[in-house]
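# Architecture at a glance
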Amino acid sequence: MFELKPEYLLIQKMAREFAQNEVKPLAAEIDKTERFPTETVEKLFRTGLFGTTCPKEYDGQGGDTMAYVLALEEVAKCCATTAVIWSVHGGLCMYLLNRYGTEAQKRRWLPKMNRDTLCAFALTEPDAGTDASTVSTVAVRDGDDYILNGTKTFITNAGQAGLYIILASTDRSKKTRGITAFLVSADNPGLTVGPPEDKMGIRASATCEVVLTDCRVPAADILGVEGQGFKLALAGLDCGRIGIGTQAVGIAQGAIDETIAYVNTRVQFGQRLSQMQNTQFVLAGLQTKVDAARLLVWRAAELRDGGQPFGKEAAMAKLFASETANEVTRACVQLFGGYGYTRAYPIERMMRDAKITEIYEGTSEAQKIVISRAIGVK
């Protein structure tokens with residue numbers, strides 16, 4: 001865990017170069033205009049980074065979770081928007097399809113997801129966020145098909161995705177045990193996407209409402225088993241939390257890197273800010289917390305790669321990393337002073353981006369529930 005293998009260093013280096021050369025130059029512009037970074041996504045497909053953890057038999061790279069988090073952090077350092085697009089597509093959706101999909105489903109979709117087709121995960125609804133038991137989207141059997149009706153909200157990659165994993169209730173009386181996951185193509189006439197949300201951070205990611213109106217889906221497109229969609233969703237969220245924990249670490253590390261560059265040149269009271277003990281102590285404390293957060297993420301990744309339970313560790317990683325990212329970015333803005341509050345530097349964007357990491361893929365409060373149950377609190 002503490003010394004990276006040569007192959008890990010190689011993918012980390014490749015991702016760092018890609019992020020610095022292709023992602024960072026666009027980060028401020030896409031945040032300002034809220035423009036989806038289509039050209040960057042296309043390049044991520046071409047480099048094979050999106051398929052880092054997908055088996056080679058489906059045109060993926062055949063890498064593991066550790067390779068994924070190392071590469072994702074480099075992207076998140078430069079642009080949290082691009083990182084979350086990748087996290088949902090490659091870390092959550094691709095994992096679910098590879099683990100629960102039939103061979104026919106995997107042959108149909110995974111090569112496309114490695115080549116040119118984004119995926120979105122649609123669980124959240126206007127009245128069903130952290131409490132997923134209140135999902136009101138319904139799927140009614142009609143011969144060899146299901147008819148889906150309902151509304152999903154805050155769906156990352158919506159409008160840009162070619163494939164949606166939709167969670168709907170096939171038996172309302174069973175609550176979470178009556179939820180089923182469906183694979184729904186974006187060209188299904190019963191699926192429509194609303195306009196992007198006007199967000200505080202990760203402004204260039206496509207976050208939209210998805211409306212299902214008499215959406216006919218073949219029974220063959222159920223992902224997993226009918227009635228086990230909630231279990232599938234929880235497994236996916238465990239993996240997703242590793243991705244969001246990584247995103248948070250990347251945001252925090254990126255903020256520290258920008259701040260060190262600034263304080264090493266900014267002069268006040270006849271000396272560089274970096275020469276002031278307060279600056280040194282603040283940054284030393286922040287970097288210590290970021291390193292601790294990174295190691296929590298790496299632990300969860302290694303457990304997953306080793307085939308061991310990792311839900312508690314993923315929740316711990318996301319909880320600590322997201323809280324750290326918010327603390328770090330606020331402190332870094334303070335060290336920048338007035339300039340930190342302007343868009344002349346990326347630090348204010350990083351502070352806005354950090355907040356969402358405490359909310360999506362399960363709020364910090366939800367992570368504490370997961371952790372407390374796992375350690376035996378009754």
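Refer to the structure printed above.
Our subject in this report is the structure included herewith. (Residues numbered from 1 in each chain as written. Predicted model: local features only at pLDDT ≥ 70, side-chain atom pairs only at ≥ 80, totals over all residues. Heavy atoms only, no water.)

With that settled, the discussion passes to the overall build of the chain. Looking only at helices and strands, the chain has ten helices and ten strands in total. Here the C-alpha radius of gyration of the chain, 21 Å, is about what a compact globule of 378 residues would show, namely 21 Å. Referenced to the eigenvectors of the C-alpha coordinate spread, the extents of the chain come out at roughly 80 × 45 × 40 Å. Looking at the chain as a whole, 55% of its 378 residues qualify as buried. Carbon and sulfur atoms make up 53% of the accessible area of the chain, which amounts to about 16400 Å² in all. In the chain, 43 positive and 44 negative side-chain charges are present, and the distance between their average locations comes to 3 Å. (Helix = DSSP H or I, 4+ residues; strand = E, 2+ residues; numbered from the N terminus. Rg over C-alpha atoms; globule rule 2.2 N^0.38 Å. Buried < 20%, exposed > 50% of the residue type's maximum accessible area, 1.4 Å probe, protein only. Areas by Shrake-Rupley, 256 points an atom, 1.4 Å probe, with all protein chains shown as cover. Lys, Arg positive; Asp, Glu negative; His and termini not counted. Charge placed at Lys NZ, Arg CZ, Asp CG, Glu CD.)

This next bit is on the nonpolar core. In terms of nonpolar packing, the biggest core is built from 121 residues, with Met113, Phe121, Leu148, Ile165 and Phe182 touching the most fellow members. It is helix 6 (residues 229-263) that provides the largest number of residues to this core, a total of 15 residues. (Core = buried A, V, L, I, M, F, W, Y, C linked by side-chain atoms within 4.5 Å.)

Glancing now at the packing of aromatic side chains. The final tally for this structure, using the stated rule, is eight aromatic pairs. When the centroid spacing of 4.7 Å and the interplanar angle of 75 degrees are considered together, the rings of phenylalanine 45 and phenylalanine 50 count as edge-to-face. Just as phenylalanine 45 is buried, phenylalanine 50 falls in that class too. An aromatic cluster is present here, built from Phe45, Phe50, Tyr68 and Trp86 joined pairwise through their rings. Over the aromatic face of tryptophan 109 sits the side chain of lysine 112, whose NZ or CZ is 5.0 Å from the ring centroid. (Phe/Tyr/Trp six-rings, centres within 6.5 Å; stacked < 30°, edge-to-face > 60°. Lys NZ or Arg CZ within 6 Å of the ring centre and 35° of its normal.)

For the rest of this paragraph, the subject is the side chain of lysine 199. Locating lysine 199 in the fold gives a position in the loop between strand 6 (191-196) and strand 7 (207-218). Lacking a salt bridge, the buried lysine 199 has glutamate 34 as its closest oppositely charged neighbour, with an N-O distance of 5.8 Å. Polar contacts involving the side chain of lysine 199 include one to the side chain of threonine 207, which spans 3.2 Å. If near-sequence neighbours (up to four positions away) are discounted, lysine 199 is found in contact with Glu34, Ser205 and Thr207. (Salt bridge = Lys/Arg side-chain N within 4 Å of Asp/Glu carboxyl O. Polar contact = N/O pair within 3.5 Å; in protein donor to acceptor, adjacent residues only side chain to side chain. Contact = heavy atoms within 4.5 Å.)

A word on the pairing of strand 4 (residues 163-169). The side chains of a regular strand alternate between the sheet's two faces. The element strand 4 is extensively covered by neighbouring structure, given that seven of its seven residues are classed as buried. With burial as the criterion, each face of strand 4 is covered, one bearing Leu163, Ile165, Leu167 and Ser169 and the other bearing Tyr164, Ile166 and Ala168. Relative to strand 5 (residues 179-185), strand 4 runs antiparallel, the two sharing seven bridges. Bridge pairing links leucine 167 to alanine 181 in strand 5. (Pairing = 2+ DSSP bridges.)

Inspection of the secondary structure assignment puts glutamine 275 in the loop between strand 10 (271-272) and helix 7 (277-305). The spatial distance from the C-alpha of glutamine 275 to the C-alpha of phenylalanine 2 is 31 Å, given a sequence separation of 273 residues. A distance of 2.8 Å separates a polar atom in the side chain of glutamine 275 from the backbone nitrogen of arginine 272.

What follows covers the environment of glutamine 271. You can see glutamine 271 is positioned in strand 10. Accessibility expressed as a relative area gives 31% for glutamine 271, which makes it partly exposed. Distance in space between the C-alpha atoms of glutamine 271 and arginine 216 is 68 Å, their sequence separation being 55 residues. Ignoring anything within four residues of it in the chain, the contact list for glutamine 271 reads Arg266 and Met276.

The subject of this paragraph is helix 7. Across its 29 residues, helix 7 extends 42 Å between first and last C-alpha, which sits within 8% of the 42 Å expected from 1.5 Å per residue. Listing the buried residues of helix 7 in full gives Thr279, Leu283, Leu286, Val290, Ala293, Arg294, Val297, Trp298, Ala300, Ala301 and Leu303. Elements in contact with the buried residues of helix 7: helix 3 (65-78), helix 6 and helix 8 (311-336). In the segment just after helix 7, glycine 307 is the residue with positive phi, at about 70 degrees. (Expected span 1.5 Å × (residues − 1).)

Here the structure, examined in full by the defined rule, presents 27 salt bridges. The salt bridge involving arginine 108 is made with aspartate 221; its shortest N-O contact spans 3.8 Å. Pair noted here: arginine 108 is in helix 5 (residues 103-115) and aspartate 221 is in the loop between strand 7 and strand 8 (222-223), with a separation of 113 residues, a long-range link. Using a relative accessible area of 40% as the deciding quantity, one classes arginine 108 as partly exposed. Notably, a salt bridge pairs arginine 241 with aspartate 238, separated by 3.7 Å at the nearest N-O pair.

A few words now on helix 10 (residues 364-374). Turning to helix 10, its buried residues are Ser364, Ala366, Gln367 and Ile371. Axial view of helix 10: buried residues confined to an arc of 160 degrees, hence all on one face. Counted as exposed and oriented over 90 degrees from the buried face of helix 10: Glu365 and Arg373. Tucked into the core, helix 10 has its buried residues touching helix 6 and helix 8. Phi turns positive, to about 95 degrees, at glycine 376, one or two residues after helix 10. (Arc of directions from axis to C-beta.)

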